[in-house]
Amino acid sequence: MINIQQVFQKFFPEFNKVYTPNLMQQKAARDILNCKTSALGGNSYECEECGHIKIQYNSCRNRHCPMCQGINKSIWIDKRTKDIIDAPYFHVVFTIPLELQSLVYQNQKLLYTLMYKAVAETLQELSSDKKYLGAQTGFFSILHTWGQDLHYHPHIHTVILAGGLTKLNTWRSGSKKFFIPVKVLSKKFRGKFLYYLKKYYSENLLKFYGDMKQYETPNYFQHLLDLCYLKDWYTFSQRTFSSPLAVIKYLGNYTHRIAISNSRIISMDDDTVTFTVKSYKDNSKKKTLTLKGVEFIRRFLMHILPKGFVKIRYYGILANRNKKTKLSLCRKLTNSPIYKPRFEGLTTTEILCILIGKDITLCPECKKGKLRESKILLKMGFP
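## Considering the nonpolar core
Stage number 1. Counting residues in hydrophobic clusters, the biggest one holds 50 residues, and the most contacted among them are Leu100, Phe193, Leu197 and Phe221.
Stage number 2. Looking at this core, the elements with two or more residues in it are strand E3 (89-95), helix H4 (101-106), helix H5 (108-128), strand E4 (138-146), strand E5 (152-161), helix H6 (182-202) and helix H7 (218-230).
Stage number 3. The element that contributes the greatest number of residues to this core is H5, accounting for ten residues.
Stage number 4. Other than its neighbours up to four places away in sequence, Phe193 contacts Ile96, Leu100, Val104, Leu111, Leu114, Met115, Ala118 and Trp233.
Stage number 5. Residues Ile2, Ala29, Ala259 and Phe275 belong to the second largest nonpolar core, which totals 30 residues.

## Structural notes on the packing of H5 against H6
Stage number 1. It is the contact of H5 with H6, at a shortest axis distance of 9 Å, that shows an interaxial angle of 135°. Classified by the interaxial angle, the pair formed by H5 and H6 is oblique. Taken as a pair, H5 and H6 cross one another with a handedness that is right-handed. Between H5 and H6, the contacting residues are Leu110, Leu111, Leu114, Met115, Lys117, Ala118, Val119, Glu121, Thr122, Leu123, Glu125 and Leu126 on the first element and Val184, Leu185, Lys188, Phe189, Lys192, Phe193, Tyr196, Leu197 and Tyr200 on the second.
Stage number 2. Here the contact of H5 with H6 is built from residues that sort into 15 nonpolar, one polar and five charged.

## Section: the sheet that holds strand E8 (residues 235-239)
Stage number 1. The strand order across the open sheet built from five strands is E8-E3-E5-E4-E12, with neighbouring strands paired in antiparallel fashion. Looking at which strands have only one partner, the edges of the open sheet turn out to be E8 and strand E12 (312-316). Sheet twist, expressed as the mean angle between neighbouring strand axes with direction ignored, is 20°.

## Looking at the sheet that holds strand E11 (residues 285-292)
Two modes of strand pairing occur in sheets, parallel and antiparallel, and in both the strands are linked by backbone hydrogen bonds.
Stage number 1. In spatial order, the strands read E9-E10-E11; together these three strands make up an open sheet with antiparallel pairing. Since the sheet does not close on itself, it has two edges, and those belong to strand E9 (265-268) and E11, each with one partner. Averaged over neighbouring strand pairs, the angle between their axes works out to 25° when direction is ignored.
Stage number 2. Here strand E10 (residues 272-279) pairs with E11 via eight bridges, running antiparallel. In the strand pairing of E11, Ser279 is matched with Lys285.
Stage number 3. Contacts from helix H1 (residues 4-18) reach E9 and E10, with the element oriented near 30° to E9.
Stage number 4. Helix H9 (residues 293-301) rests against E9, E10 and E11 of the sheet, and its axis sits at about 110° to E11.

## Topic: the packing of H1 against helix H2 (residues 23-34)
The geometry of a pair of packed helices is captured by two quantities: the angle between their axes and the separation between those axes.
Stage number 1. Across the interface, H1 lies against H2 with an axial gap of 8 Å and an inter-helix angle of 115°. Along this stretch, H1 crosses H2, giving a crossing that reads as left-handed. Packed against H1, whose contacting residues are Ile4, Gln5, Phe8, Gln9 and Phe12, the element H2 presents Ala29, Ile32, Leu33 and Asn34 at the interface.

## Section: empty space enclosed by the protein
Stage number 1. Under the counting rule described, the total for this entry stands at one cavity of 30 Å³ or more.
Stage number 2. In terms of lining residues, the largest cavity is bounded by Arg80, Asp83, Ile84, Tyr89, Phe140, Ile248, Tyr314, Leu318, Lys323 and Leu327.

## What about unusual backbone geometry?
Stage number 1. Unlike most non-glycine residues, Leu150 shows phi in positive territory, near 75°.
Stage number 2. With respect to the helices, strands and loops of the structure, Leu150 is situated in the loop between E4 and E5.
Stage number 3. Positive phi, close to 60°, is recorded for Asn204, a residue that is not glycine.
Stage number 4. Here Asn204 falls in the exposed class, since its relative accessible area comes to 65%.

## What to know about a nonpolar patch on the surface
Stage number 1. Together, Ile53, Ile55 and Tyr57 give the surface a local cluster of nonpolar side chains, amounting to about 250 Å² of exposed area.
Stage number 2. Tracing the chain through its elements places Ile55 in strand E2 (residues 53-57).
Stage number 3. The exposure class of Ile55 is partly exposed, given its relative accessible area of 39%.

## Brief notes about the side chain of Ser127
Stage number 1. Inspection of the secondary structure assignment puts Ser127 in helix H5.
Stage number 2. With residues up to four places along the chain from it excluded, the contact list for Ser127 reads Leu133, Gly134, Ala135, Thr137, Phe179 and Ile180.

## Thoughts on H9
Stage number 1. In terms of burial, H9 is a largely internal element, eight of the nine residues being buried.
Stage number 2. Within H9, burial applies to Gly293, Val294, Glu295, Phe296, Ile297, Arg299, Phe300 and Leu301.
Stage number 3. Looking at the buried residues of H9, the elements they touch are H1, H2, E9, E10 and E11.

## Observations concerning the packing of aromatic side chains
Stage number 1. Following the criterion strictly, the structure yields 21 aromatic pairs and no others.
Stage number 2. The interplanar angle of 70° and the centroid separation of 5.7 Å between the aromatic rings of Trp76 and Phe140 together place this pair among those described as edge-to-face. Placement of the pair is Trp76 in helix H3 (residues 70-80) and Phe140 in strand E4, with a sequence separation of 64 residues. Exposure class is identical for Trp76 and Phe140. Each is buried.
Stage number 3. Relative to Phe193, the ring of Phe189 lies with its centre 6.3 Å away and its plane at 50°, an arrangement referred to as tilted. Separated by four residues within a single helix, Phe189 and Phe193 lie in helix H6, roughly one turn from each other. There is no split in this pair, since Phe189 and Phe193 are both buried.

Quick notes on the rules
Residues numbered from 1 in each chain as written. Predicted model: local features only at pLDDT ≥ 70, side-chain atom pairs only at ≥ 80, totals over all residues. Heavy atoms only, no water. Core = buried A, V, L, I, M, F, W, Y, C linked by side-chain atoms within 4.5 Å. Buried < 20%, exposed > 50% of the residue type's maximum accessible area, 1.4 Å probe, protein only. Helix = DSSP H or I, 4+ residues; strand = E, 2+ residues; numbered from the N terminus. Contact = heavy atoms within 4.5 Å. Axes fitted to C-alpha atoms, helices over the stretch in contact; angles between N-to-C directions. Parallel < 35°, antiparallel > 145°, perpendicular 65-115°, else oblique. Left-handed = near helix turned anticlockwise from the far one by under 90°. Nonpolar A, V, L, I, M, F, W, Y, C, P; charged D, E, K, R; others polar. Pairing = 2+ DSSP bridges. 1 Å grid on protein atoms, 1.4 Å probe; cavity = no way out; pocket = protein on both sides within 12 Å on 5 of 7 lines; lining within 4 Å. Points joined across faces, edges and corners; volume = space filled by probe spheres on them. Patch = residues over 30% accessible without salt bridge, like charges linked within 9 Å, V, L, I, M, F, W, Y side chains within 5 Å. Areas by Shrake-Rupley, 256 points an atom, 1.4 Å probe, with all protein chains shown as cover. Salt bridge = Lys/Arg side-chain N within 4 Å of Asp/Glu carboxyl O. Phe/Tyr/Trp six-rings, centres within 6.5 Å; stacked < 30°, edge-to-face > 60°.

Note that all results are geometric; they support no functional claim without further evidence.
What follows is the structure, encoded as structure tokens:
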């Protein structure tokens, strides 16, 4: 099976001759290349029965590395179980139009943050409106920047409770259908985003490069805004599973997803990489796409997030500051069941044993003795 690391080993040197990746892209590439190799060091384990030696190299722990996300996803899901409210949840997707994608890419930290801000204000204002819910709900948002073909496609996945806390501290449930019409959501989100975008322009916070350079001129920028106001901004909503625990497991697929997983890569030759894509225009039918190796890496690295960027953000009654007060009250008002996290207090090794269903500390040679750490292996490459 071909994986991302092998693709980088083969094509990244050639990519570097053609393109100049930024510092975070360079770090991600280096981490992926060195993940679980002697370059990052590791540990030597010895069986206390037969003396068998096993070497375990360290993971890079980069959030963009497909080899490091499995356990992180499982731990996140486990932690969220204690926050579950027994109420329907809805999955909503907010997307910006094609005309703004280059500008967003050139101003990633600023405009990614604006996407979260526009989504949050849209949902908070509409859910507090008595016409729709009349209560403070809870939700969290996750940024994705890719489409199935790895092209740049920034959008926000949001999961929102169909209910909330009123000003009288009572619980109010939403309807079985999503309580805010999608068209209302789209228009509100569009208005919020473009309002702040215009404000950022007036404050000289935006950077313009390449083809976008023309929009530094006020008339051209206003024309861009006018064009975006005329477009329908795509917003999608669907109810998630009825079981609260099923909701959290479903969401784990979004929280720690990266541009492409190893399982989607089918083959690689001297020039190309072939991987599977879902064709949403064709009933989500699976197809294959073949790209030049350098182009594959170029597209992959477009989705490396800025340094320190917070990807999962919580709002309303799910915000950290409200967990001990409003969230606890909502759980009581809805008679939500208590779920005890399975992994709380466990070591990474113990969690891995649970996840893969076998004792990884058992000697693979004699099948009797336990592997005990005997030596720490120093890093052989760059930190």
